[in-house]
Amino acid sequence: MSLESFKTRWALAYLLIGGALLAIVTALAYMGFESTAAWRTSVFLLLGGAFLALVASLAVFMMALVGWRTPLRNRRLVRSALLGVVAVALCATPIALAELVWIPALVRREEQARKERVDAHSHTKEGDAAPVFSINTDEGLSFALGDHPGKVVLVNFFATWCGPCLQEFPHLQKLWNEHKHRTDFELIVIGREETDEKVKAFKKKHGFSFPMAADPDGAVYSLFAEELIPRTYIISRQGKVCWSLAEFAGEESFTEIKTALQRELSK
């Protein structure tokens, strides 16, 4: 067998091995995208392959040392280096896939599961007509959702003991400061199962200025949902729920609220 033919066969072999590895990694990435169990299996397979490649690299390197004075030395050293690169690549692949594929997929699955759980306990979903209700604010004024046609209304439900609510309220205050002078915008923050006294004391303690109201028996909240979690709704000018959020989660949630509100106000 000529040297050129030998090199050609090894090049083809490396191409086939590389193609097979690429196909395996692609399949593993897809499986991890669909299933957490497949994700774990993929990690074990990739790390197992990395271990085997490392063992093979060391074995070939030892063979090169043993046959140092033979013509096969350089070829074995090259193969050992290539196997070492494969081992490193297989070790790095789970990290890259986790950052780029598996973790984002897990977040999306959890978000979808959370949305389905929330929707299962909701009476009002996006696209539905908003329930009409009337409630008295902390300033003694009457707020009736049905009395604001042509306006975008932000309705927030909270509890004074709720940690995420305390995180959300400074952001709501920013939105109120920015839009309170508009004639086409209303905001009402309702304390579900809270008394007027608690709501007023809570508002004074934290220095909020947006309109708040008490819903002591949860009558207004029950029009929207059953499960007792914080919720924010944006009602369109046509009186429909155009956007909603459950369980405020920091800056990302605030960005969602602000974007949705600006989108409706710009219509």
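Residues numbered from 1 in each chain as written. Predicted model: local features only at pLDDT ≥ 70, side-chain atom pairs only at ≥ 80, totals over all residues. Heavy atoms only, no water.

## Some remarks on the packing of aromatic side chains
As a reminder of what qualifies: Pairing of aromatic rings covers Phe, Tyr and Trp, the last counted by its six-membered ring, and requires centre-to-centre distances within 6.5 Å; plane angles under 30 degrees mean stacked, over 60 mean edge-to-face, and any other angle means tilted. A run of DSSP states H or I qualifies as a helix once it reaches four residues; a run of E qualifies as a strand once it reaches two. Both are numbered from the N-terminal end. Throughout this description, buried means an accessible area under 20% of the type-specific maximum (1.4 Å probe, protein chains only), exposed means over 50%, and partly exposed covers the range between.
Considering all chains together, one arrives at 14 aromatic pairs under this definition. When the centroid spacing of 5.6 Å and the interplanar angle of 75° are considered together, the rings of Phe 169 and Phe 210 count as edge-to-face. In this pair, Phe 169 is assigned in helix H4 (residues 163-179) and Phe 210 in the loop between helix H5 (196-206) and strand E5 (212-215), connecting sequence segments 41 residues apart. You can call Phe 210 buried: its relative accessible area is 0%. Between Phe 202 and Phe 208, the ring centres sit 6.3 Å apart and the planes meet at 40°, which makes this aromatic pair tilted.

## Observations regarding the pattern of salt bridges
The criterion, for reference: In what follows, salt bridge is the name for a side-chain nitrogen of Lys or Arg lying within 4 Å of a carboxyl oxygen of Asp or Glu.
Using the criterion set out here, one finds 5 salt bridges in the structure. The partner of Lys 203 in a salt bridge is Asp 138, with the nearest N and O atoms 2.8 Å apart. Residue Lys 203 is found in helix H5, and its partner Asp 138 is found in the loop between strand E1 (134-136) and strand E2 (142-144); the two are separated by 65 residues along the sequence. The same class applies to Lys 203 and to Asp 138, which are both buried. Connected through shared salt-bridge partners, Arg 182, Asp 184 and Arg 237 make up one network.

## Considering H4
Threshold: What a helix should span is 1.5 Å times the count of its residues minus one. Here the bend at a residue is taken as the angle between two axes, fitted respectively to the seven residues that end there and the seven that start there. Whether two residues are in contact is decided by their heavy atoms, any of which lying within 4.5 Å being enough.
The end-to-end C-alpha separation of H4 is 25 Å, in line with the 24 Å expected for 17 residues at 1.5 Å each. The largest bend along H4 reaches roughly 30° and is located at Phe 169, with the proline Pro 170 sitting one to four residues downstream. All of the buried residues in H4 are Cys 165, Glu 168, Phe 169, His 171, Leu 172, Gln 173, Leu 175, Trp 176 and His 179. Those residues of H4 that are buried lie in contact with strand E3 (152-158), strand E4 (185-192), H5, E5, strand E6 (231-235) and helix H7 (251-265).

## Some points on the confidence of the model for the protein
Here is the rule: The predictor rates its confidence in each residue with pLDDT, a number between 0 and 100.
Considering every residue of the protein, the mean pLDDT works out to 80; 81% of them sit at 70 or more. Per-element averaging of pLDDT across the protein places helix H1 (residues 3-34) at the bottom with 60 and E5 at the top with 94.

## Here's the deal with the packing of H4 against H7
Note the following rule: In this analysis, axes come from line fits to C-alpha atoms, helices being fitted only over the stretch in contact, and the angle between any two N-to-C directions falls in the range 0 to 180 degrees. Reported orientations rely on four angle classes, namely roughly parallel under 35 degrees, roughly antiparallel over 145, roughly perpendicular from 65 to 115, and oblique for the rest. Note on convention: the crossing is left-handed when the near helix lies turned anticlockwise from the far helix by less than a right angle, right-handed when the turn is clockwise. Only Asp, Glu, Lys and Arg are considered charged, only Ala, Val, Leu, Ile, Met, Phe, Trp, Tyr, Cys and Pro nonpolar, and every remaining residue, Gly among them, polar.
Interhelical geometry of H4 versus H7 gives an angle of 25° and a closest axis separation of 10 Å. Classified by the angle their axes make, H4 and H7 are roughly parallel. Crossing geometry of H4 relative to H7 is assigned as right-handed. Between H4 and H7, the residues in contact are Glu 168, His 171, Leu 175, Glu 178 and His 179 and Glu 251, Phe 254, Ile 257, Lys 258, Leu 261, Gln 262 and Leu 265, respectively. For the contact of H4 with H7, the residue count by class is 5 nonpolar, 3 polar and 4 charged.

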